[in-house]
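# Secondary and tertiary structure notes
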Amino acid sequence: MIWVKDIMTPISGSLTETDTCREALRRVMDEEAAGWPVADSAGEFVGIATPRALGRLLKEEGPETSCLGGVEFGPIAFKATLPLETAWSRTFQVAAVSGEDGQIVGILSRSALAVALYQRAEFQVKELEAVLNSAHNGIVVINREGMITSFNRAAERFTHVPKEKALGRHVLDVLIPLGLMETLQTGQSEYSQKFRVGRHTYIMNRDPVKQEGKITGAVGVFQDISEIESVSQELASVKALNRELDSVIQSSSDGFVVTDAAGIIIRTNAAFEKMSLSTAQELLGRRIQELGDGEVYAHSLLDVVLQRKHPVSVTEKKQDHSFLVTGSPVFDEEGRLVRVVINLRDMTMLNQLRQELLESKRLSEKYHLELAELRQRGDTGGMIASSPEMEEVLELIQRVAKVDSTVLLLGESGVGKEGMAKLLHSRSPRAEGPFIKVNCGAIPEQLLESELFGYESGAFTGARREGKIGMFELAHNGTLLLDEIGDLPFNLQAKLLRVLQEREVVPVGGSKPRRVNVRILAATHKDLEEMVRLGKLREDLFFRLNVVPIWIPPLRERRADIIPLLHHFRERFCKKYGLQREFAPDAVEAFYQYDWPGNVRELENMVERLIVMAPGELITLSLLPPVFQSPPEEGGGVSVRALMPLKEAVLEVERQLIERAMAKYGSTYKAAEALGVNQSTVVRRLAKLRRKATNA
Ligand SMILES: Nc1ncnc2c1ncn2[C@@H]1O[C@H](COP(=O)(O)OP(=O)(O)OP(=O)(O)O)[C@@H](O)[C@H]1O
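Predicted model, so just to flag it, every value in this text is computed and none were measured.

UniProt annotation of "domain: PAS" (unreviewed entry) refers to residues 124–177 and 241–286 when read in the numbering used here. The span residues 241–286 carries 48% helix and 22% strand; its end-to-end C-alpha distance comes to 26 Å.

Within the fold, Ser322 resides in strand E16 (residues 321–331). Accessibility expressed as a relative area gives 15% for Ser322, which makes it buried.

Time to look at the packing of helix H22 (residues 562–577) against helix H23 (residues 585–593). As a packed pair, H22 and H23 sit with axes 9 Å apart at the nearest point and diverge in direction by 125°. With respect to H23, the axis of H22 lies oblique. The two elements H22 and H23 cross, and the hand of that crossing is right-handed. Contact residues: H22 offers Ile562, Ile563 and Leu566, while H23 offers Val588, Phe591 and Tyr592.

Moving on to the site of the ligand. Taken together, 18 residues lie near the ligand, and Ile384, Ser413, Gly414, Lys417 and Glu604 sit nearest. Between Ser413 and the ligand, the recorded distance is 2.7 Å, taken from a side-chain N or O atom to an oxygen atom. Between an oxygen atom of the ligand and a main-chain N or O atom of Gly416, the distance comes to 3.1 Å. Out of a free accessible area of 630 Å², the ligand has 86% covered by protein chains. Given that more than half its atoms are within 2 Å of the pocket grid, the ligand belongs to the second largest pocket. Listing elements by their share of the shell around the ligand, those giving two or more residues are helix H16 (417–427), H22 and helix H24 (599–613).

It is worth spelling out the environment of Ala372 at this point. Structurally, Ala372 can be placed in helix H14 (residues 347–376). Note: C-alpha distance between Ala372 and Glu432 (60 residues apart in sequence) is 26 Å.

Under the defined criterion, the tally for this structure stands at one cavity of 30 Å³ or more. In this structure, the largest cavity occupies an estimated 30 Å³ of space. Around the largest cavity, the lining residues are Phe472, Val499, Leu500, Arg503, Val516, Val518 and Ile520. Of the residues that constitute the lining of the largest cavity, the class distribution is six nonpolar, no polar and one charged.

This next bit is on unusual backbone geometry. Unlike most non-glycine residues, Arg503 shows phi in positive territory, near 55°. Along the chain, Arg503 falls in the loop between helix H19 (490–502) and strand E23 (504–505). Classification of Arg503 by relative accessible area gives partly exposed; the value is 25%. Positive phi, normally seen in glycine, also occurs at Trp596, with a value near 45°. Along the chain, the position of Trp596 falls in the loop between H23 and H24.

To continue, consider the UniProt feature "domain: PAC" (unreviewed entry) in the chain. Mapped onto this numbering, the UniProt entry annotates "domain: PAC" (unreviewed entry) at residues 308–359. Structurally, residues 308–359 comprises 27% helix and 54% strand, and the distance from its first C-alpha atom to its last is 40 Å.

Walk down a regular strand and you will see the side chains alternate between the two sheet faces. In terms of burial, strand E25 (residues 519–524) is largely enclosed, as six of its six residues are buried. Side chains Arg519, Leu521 and Ala523 of E25 all project onto a buried face; the interleaved residues Ile520, Ala522 and Thr524 project onto the opposite face, where all are buried too. For strand E18 (residues 407–410) and E25, the ladder comprises four bridges, and the chain directions are parallel. Counted as the bridge partner of Leu408 is Ala522 from E25. One ladder, built from four bridges, connects strand E22 (residues 479–483) with E25; its direction is parallel. From the neighbouring strand, Thr479 faces E25, where its bridge partner is Arg519.

Conventions we followed
- Residues numbered from 1 in each chain as written.
- Predicted model: local features only at pLDDT ≥ 70, side-chain atom pairs only at ≥ 80, totals over all residues.
- Heavy atoms only, no water.
- UniProt positions renumbered as here; feature names shortened; annotations may be inferred.
- Helix = DSSP H or I, 4+ residues; strand = E, 2+ residues; numbered from the N terminus.
- Buried < 20%, exposed > 50% of the residue type's maximum accessible area, 1.4 Å probe, protein only.
- Axes fitted to C-alpha atoms, helices over the stretch in contact; angles between N-to-C directions.
- Parallel < 35°, antiparallel > 145°, perpendicular 65-115°, else oblique.
- Left-handed = near helix turned anticlockwise from the far one by under 90°.
- Contact = heavy atoms within 4.5 Å.
- Near = heavy atom within 4 Å.
- Polar contact = N/O pair within 3.5 Å; in protein donor to acceptor, adjacent residues only side chain to side chain.
- Areas by Shrake-Rupley, 256 points an atom, 1.4 Å probe, with all protein chains shown as cover.
- 1 Å grid on protein atoms, 1.4 Å probe; cavity = no way out; pocket = protein on both sides within 12 Å on 5 of 7 lines; lining within 4 Å.
- Sits in = over half its atoms within 2 Å of the grid points.
- Points joined across faces, edges and corners; volume = space filled by probe spheres on them.
- Nonpolar A, V, L, I, M, F, W, Y, C, P; charged D, E, K, R; others polar.
- Pairing = 2+ DSSP bridges.

Structural data, given as structure tokens:
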């Protein structure tokens, strides 16, 4: 703050009426004062002798006249501690200044006050400018008309517009709209407004400038936050990366521990916590070397890593688990070791799998040889028959193949009826002739008649002009398989019977019978006798078809075929897809246990699916559908479904057990171990079973 006393001209002693005009002028001139105080005889201040009035007195009255004639009476007297602004608000040209005791101590002219005020304002402007320029934020001030009145250095830097080009110009001509004109209109302050210019992001505060309640301008303060934005984006992506890394570490089945250079645990994962039987809270912050034996693996590994400064692996056994433990050092940019990452892999499972794979390969090899032998034993046309039941069926097929009688193949869907029909044809004297199959259930009734018997030209609308040969004629000198014969419509049954009896067909729309030399095979999964009883199948047709019935048992009743079929399909699909796959013993066992409602077709499809979908070489039980994984029923899985002589039942159970053990282990030693008998017993019983099967 500047006071009047700081800019007044100090005065020592007042003039009195005895002082001459000359004396008064000398004092004024000497002190370069704007006047001199004059006191009366009692010493009271009465006025100021000014140079102008003294000059006039000198000219008119001469130098020796009393100075009283050059005095302006009753002037203002300011206190020495009066602020300049207050003094300026009073009307005066020259004023006296009084000290604390009321004595006149100085003279102040209005012009000296003006100069002092101007200098101070100039100083304040400079000070303000310095402040504005030292700010990191860009500051733009506009007046009521929108002309820029202030533009600091940061504003120059952000906008690339020099101050000289900005000042005095309209804000809209200099800057992209920053909303300052709106602030002028609304008079509202707005804070933290974000806006983008090119690749930069700015944040801005806007305030109106008000004087006596009126908006006289607006000020905008803005800052380039692009760097902060990109840093915060980087921070967000680092956070996301950290989360990702954490979930990778946490979801790993390998154990992970990270320590600092002193061995203090700073990170673990769930797998490690499980292995060390400790929680994260118990582990974090502890020195790994101090953990007890039961808690952690390979404490000593850390010292070796710290010493050698390169990755080290050791294997360690803990109870019945074996671990591969690897410690890897992590260095900072200066090459200082800052972390040690320890990875623990439980090798127990891996070793077990490796063992299983070797075992599976051995079994596969064995089955491969057995299959080759089976195939060599007499060409079965790719039909696997390892069980005594199927060997019996095969033998029957081979026998009836030689004669021309009608054969009725019976059995559930997917047991291999069509396969056996083809085999029968290929073993028959008609092998060179055609093998034709008609699915009586799949063709609509209206079409079936013409499909079977053909039609003459113009037999019905839509018929081909030249007519059509039926399946019977197509199969001439060969074999015709009537599949799903139980689905043959009733009104076609008489016509079929006629063909079977007369060996002649009469095409639809024709009248002349044509002779055909065809061997008829029929197949069905239905109970034809029941159909006859219900009147759905002609009895005479049934007898015609049922000359040689061959029953193919469902797979669950001839389990000895399951494993050879499994390997047969495994070989076929591995070859087809160019893959190397083995079934683990537990998967083979599950195949054996399963009841196969869909029979061989279901098994074939299952093997194909597993071969194609298995991620590795070994197909383990876990890859099989859940229904295969249910544990065997209580009571060892032996169940009785019908009454039979006890001796026979015991022999049957013995046969099944030996077959199952052999299928699973492939060696009489292991089978004997599993069954709790001597190996020689298994060999003896097996030989007996095989003898029985060949004699049957
Ligand atoms: N003993 C077997 N050896 C090898 N493959 C077989 C055997 N039995 C059946 N298959 C195969 O199983 C699948 C089903 O067999 P097939 O079509 O002969 O059964 P199906 O009894 O005629 O069935 P559907 O009654 O549904 O017509 C075929 O791919 C067949 O090759």
